[in-house]
Amino acid sequence: MKNQKEFKNMNRRDFLKVGGMSTVALSLGATGVFSLANAKKGFAASGTATSGFGGYGPLVKDPNGILDLPQGFHYKIISEEGGQLSDGRPIPAMFDGMAAFSGPHNSTILVRNHELSGNTKYPVEGKNPYDKSKTGGTSALVVTPNREVVKEYITSAGTIRNCAGGATPWGTWLTCEETMNEGHGYVFEVDPNEPENNLSKTPIKEMGAFSHEATAIDPATGYVYLTEDASKSFLYRFIPNDTSRKPGALQKGGKLQAAAIEEIGHTLASSFNQGQKFGIVWKDVDPEKPTLEAEQKGCIIFSRLEGAYFAGGVFWFDDTSAGDARKGRVYRYIPATNTLELFYESSDANDLEAPDNICITPWGDLWIAEDGGDSDRMIGLTPEGEVYVFAENRLNGSELAGPTFSPDGKTFFVNCQTPGITFAIWGPFARRNSARQRLMGHAAPPSNFAPIVSDKLVAFAENQGMSVLEAAALHRNGMPIL
């Protein structure tokens, strides 16, 4: 996930000296938010209207130089690399993808990736590893409603570069290996309630052997969407044979497909359907060599795919180094209409640079973690077309990773990758709003974020009977019309 970059010279010992913040919450400003009536932009706080949201206001400088947040929000460091797990083993390094699940007594169970490969000071020391010689894997934290960690433990081990992944609707975590090392490059299913069981070390081989990044599951169909982080990158979906929605069901096999753009037939004779009509088709690929077959079959070649998230009937994913400026694109795919849209294309690092992990908030905004060359941020985009910054890493140049919310929506969890730190963040978050989540899936992008399109492409979109965002996605990825 991370390109090599220079980090500030701060190790764990140095970090712990910064204001004694490892176990103490930092309060940023007074609790509460500004009134919508008196603000130029609305703040998405509980009790406000469900329209006009514009974020939470400017960031407040963290006096400890760790994490800037808006006024009224607080953070607490709940886990750090090199600390102790509940059984005394060290907490592994390189925190990355993460998901939150409901635990006992209203607790939250976090499952967290460790993007490790080769020798490291803090490896994943598992008791039942897939490959004893490898240092990657996953861990879990049980966090109480008042954000205290009561248990921290290893959930899988013996894998390589566990970068991102995705939660399943049945309460497990799909952890992905970002590697093509022999015997690796697979997806594994991790059950936090049965840590280091045999399922956690059994690769789901029919999901393909490639440099996996992230997954997201369509709850309506059970289809699994997968991104590939490689110099030639493809978008895949896995159609499982067993749709029983329980741990181990994905091991029963299925069909792996890659997305392509092809001329598609149409039955209606209409002025809107003259000439060629293009759309997304899914082509079967061999899971043992999916990248090779996807290229041979003319599937869409992306630059380097990263984050993935499914919400409100829409699959969101991003291409971190795409576009003329090489600063990234954000796409959304709508399975119900088989429509791929280009939602955002960066042209200025001040807007958004190198989109990586993504999520849809409980109230419906799209949150994007940056993985750029300078300080990285959490950027929010709203269905109403607003853009805001929610958090910024002030500690160093490391990426923020694994954004996820507690099941009750009251706590936001996110990682700093290096040094490995997990933050719990709380404050006046907006209330859960499933209607707004659906709205985000069909909203127009913010005006200054929308992809630039030519008059010819607009005319083509009208001729095809498609949206400009759909035409932009197809054109950017090889549709031969202009």
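Source: prediction; values computed, not measured.

### Re the packing of aromatic side chains
Logical step 1: Under the defined criterion, the tally for this structure stands at 33 aromatic pairs.
Logical step 2: Centre to centre, the rings of Tyr-56 and Phe-429 are 6.2 Å apart; their planes meet at 90°, and the pair counts as edge-to-face. Taken together, the residues span a long stretch of sequence, with Tyr-56 in the loop between β1 (26–28) and β2 (59–60) and Phe-429 in the loop between β27 (421–426) and α3 (434–440) at a distance of 373 residues. As far as burial versus exposure is concerned, Tyr-56 and Phe-429 are alike and both buried.
Logical step 3: Relative to Tyr-331, the ring of Phe-302 lies with its centre 5.5 Å away and its plane at 80°, an arrangement referred to as edge-to-face. Note that Phe-302 is positioned in the loop between α2 (290–296) and β17 (305–311) and Tyr-331 in strand β19 (residues 329–334), a separation of 29 residues in sequence.

### Overview of empty space enclosed by the protein
Logical step 1: Counted under the stated rule, the structure contains one cavity of 30 Å³ or more.
Logical step 2: Each pocket or cavity is described by its volume, and for the largest cavity that value is around 40 Å³.
Logical step 3: Around the largest cavity sit Trp-170, Gly-222, Pro-240, Asp-242, Thr-243, Arg-245, Ala-249 and Leu-250, which together line it.

### As for helix α5 (residues 468–476)
Logical step 1: If you check which residues of α5 are buried, you get Leu-469, Glu-470, Ala-471, Ala-472, Ala-473 and Leu-474.
Logical step 2: Of the surrounding elements, those touching the buried residues of α5 are β15 (254–263), β16 (278–284), β19, β20 (339–345) and α4 (455–464).
Logical step 3: Gly-478 sits one or two residues past α5 and shows a positive phi near 110°.

### Some remarks on the sheet that holds strand β6 (residues 108–114)
Logical step 1: One open sheet accounts for four strands, arranged β5-β6-β7-β8; its pairing is antiparallel. Each edge of the sheet is formed by a strand with only one pairing partner; in this case those strands are β5 (95–102) and β8 (149–159). Put simply, the sheet's adjacent strands are angled 20° from each other on average, direction ignored.
Logical step 2: Pairing of β5 with β6 involves six bridges; the strand directions are antiparallel. If you follow Met-98 over to β6, its bridge partner there is Arg-112.

How each quantity is defined
Residues numbered from 1 in each chain as written. Predicted model: local features only at pLDDT ≥ 70, side-chain atom pairs only at ≥ 80, totals over all residues. Heavy atoms only, no water. Phe/Tyr/Trp six-rings, centres within 6.5 Å; stacked < 30°, edge-to-face > 60°. Helix = DSSP H or I, 4+ residues; strand = E, 2+ residues; numbered from the N terminus. Buried < 20%, exposed > 50% of the residue type's maximum accessible area, 1.4 Å probe, protein only. 1 Å grid on protein atoms, 1.4 Å probe; cavity = no way out; pocket = protein on both sides within 12 Å on 5 of 7 lines; lining within 4 Å. Points joined across faces, edges and corners; volume = space filled by probe spheres on them. Contact = heavy atoms within 4.5 Å. Pairing = 2+ DSSP bridges. Axes fitted to C-alpha atoms, helices over the stretch in contact; angles between N-to-C directions.

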